[in-house]
Amino acid sequence: MDDVLAISGFSVVLGITFSSGGLVWSIFRGPLEMLVGIAFGGLAGFISWFLPEPSRDGLVLYRFLLLFGGGLLSVFGSKAIEFSGAGALGCLTMAFVSAYQWRRQGWTDDMNPVRKTFAQLWLLFEPILFGLIGVEIDITVIEIQTIGLGIAVLTIGLVFRIAASILAVSWAGLTWKEKFFVALAWLPKATVQAALGSIALDTARDRDAGETAEELGLKVLTIAVLVIIITAPIGAIAISLSAPRLLTDDATYKENNVPDKEDVDLLVQPTVDIGITNL
């Protein structure tokens, strides 16, 4: 849910920032981009409820191609119509809506073969994503003031995030140690920042918004990289060191969550091969 809010807010601000119309259009362009992304993702996800039919051979492959192709269409199509802020939100909404119905059909989160396929692809595309972000950064033109202000903003944001994390689980029946661990586990930020960090700079270049807009886009990208560099290692270390001290082993959970043999057999099947061999 926090990713949805982050992407939605980013889409709204991006649309308003690069709006070239009058005042009214500038105000409503951001929310309009958000609505377009949600509408496209919702419609595409709704279509995936019925196409392909659940009884069709090669179901896994077709659902994967539908979700993957819909995501590409959302990202590149939104750029083509100059609604860049709608792309990422459309991808997220489509996956959310699709998975809702697939769970009702028996594909739980742990036993979803399409999810497993995307997880395998992420092993390839994750280093590419972060590598592309790193290439955009030119340390010779970064101002020290930008780094200092970025760290200050990040610190303030993390303080409020920790407080909000503890508050969000206050009525979940957790102990104070467990609540504090949840706050630490939510510290690392990387994927959304890497995916959205360069969009402002790319949009400024694509629309020839001027040198000032490109400088501001570079500052956004710089702060996104700072967030990744600072929170990812600190969060990983905090989780590793605090988990043995703040959490306890729950034997009851293990006893009640032993998967059935049929579920285990489904989980260990090669994901893509399921669809290909049944064509």
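Below is a summary of the structure that appears in this document.

What counts and how
Residues numbered from 1 in each chain as written. Predicted model: local features only at pLDDT ≥ 70, side-chain atom pairs only at ≥ 80, totals over all residues. Heavy atoms only, no water. Axes fitted to C-alpha atoms, helices over the stretch in contact; angles between N-to-C directions. Helix = DSSP H or I, 4+ residues; strand = E, 2+ residues; numbered from the N terminus. Parallel < 35°, antiparallel > 145°, perpendicular 65-115°, else oblique. Left-handed = near helix turned anticlockwise from the far one by under 90°. Contact = heavy atoms within 4.5 Å. Nonpolar A, V, L, I, M, F, W, Y, C, P; charged D, E, K, R; others polar. Patch = residues over 30% accessible without salt bridge, like charges linked within 9 Å, V, L, I, M, F, W, Y side chains within 5 Å. Areas by Shrake-Rupley, 256 points an atom, 1.4 Å probe, with all protein chains shown as cover. Salt bridge = Lys/Arg side-chain N within 4 Å of Asp/Glu carboxyl O. 1 Å grid on protein atoms, 1.4 Å probe; cavity = no way out; pocket = protein on both sides within 12 Å on 5 of 7 lines; lining within 4 Å. Points joined across faces, edges and corners; volume = space filled by probe spheres on them. Lys, Arg positive; Asp, Glu negative; His and termini not counted. Charge placed at Lys NZ, Arg CZ, Asp CG, Glu CD. Expected span 1.5 Å × (residues − 1). Buried < 20%, exposed > 50% of the residue type's maximum accessible area, 1.4 Å probe, protein only.

A look at the packing of helix α6 (residues 144-168) against helix α7 (residues 176-185)
Then step 1. Between α6 and α7, the shortest axis-to-axis distance is 8 Å and the interhelical angle comes to 135 degrees. By the angle between their axes, α6 is oblique relative to α7. Every pair of crossing elements has a handedness; the one defined by α6 and α7 is right-handed. From α6, I162, S165 and I166 reach across to α7, where they touch W176, K179 and A183.
Then step 2. Tallied by class, residues from the contact of α6 with α7 come to four nonpolar, one polar and one charged.

Comments concerning the packing of helix α9 (residues 199-206) against helix α10 (residues 211-246)
Then step 1. Direction vectors running N to C along α9 and α10 enclose 165 degrees, while the axes themselves pass 7 Å from each other. It follows from the interaxial angle that α9 and α10 lie roughly antiparallel. As for how α9 packs across α10, the hand of that crossing is left-handed. Where α9 approaches α10, its residues A200, L201, A204 and R205 are matched on the opposing element by A213, E214, G217, L218 and L221.
Then step 2. Tallied by class, the residues present in the contact of α9 with α10 amount to six nonpolar, one polar and two charged.

A few points about the environment of C91
Then step 1. Looking at where C91 falls in the secondary structure, it is placed in helix α4 (residues 85-104).
Then step 2. Spatially, the C-alpha atoms of C91 and V75 are 7.5 Å apart, while their sequence positions differ by 16 residues.
Then step 3. Excluding anything up to four places from it in sequence, C91 contacts G71, S74 and V75.

Describing a nonpolar patch on the surface
Then step 1. On the surface, L43, F46, I47, F50 and L51 cluster together into a nonpolar patch covering about 500 Å² of accessible area.
Then step 2. For L51, the location among the structural elements is in the loop between α2 (23-50) and α3 (59-80).

Details of the layout of surface pockets
Then step 1. Estimates place the volume of the second largest pocket at around 910 Å³.
Then step 2. As for the second largest pocket, its lining consists of 30 residues, of which A6, F10, Q193, I223 and V227 are closest to the centre.
Then step 3. Every element with two or more residues in the lining of the second largest pocket is listed here: α1 (2-17), α6, α8 (191-196) and α10.
Then step 4. Counting residues per element, the lining of the second largest pocket draws most heavily on α1, at nine residues.
Then step 5. Here the lining of the second largest pocket is built from residues that sort into 18 nonpolar, eight polar and four charged.

A few points about a negative patch on the surface
Then step 1. Where like charges cluster on the molecular surface, the negative patch consists of E143, D206, D208, E211, E214 and E215.
Then step 2. Among the elements that line the negative patch, the one with the most residues is α10, at three residues.

Quick notes on α4
Then step 1. If you check α4, its first and last C-alpha atoms are 31 Å apart, about what 20 residues at 1.5 Å a residue would give, namely 28 Å.
Then step 2. Of the residues making up α4, those classed as buried are G85, A86, G87, L89, G90, T93, M94, V97, S98, A99, Q101 and W102.
Then step 3. Following α4 by one or two positions, G106 has its phi on the positive side, about 110 degrees.

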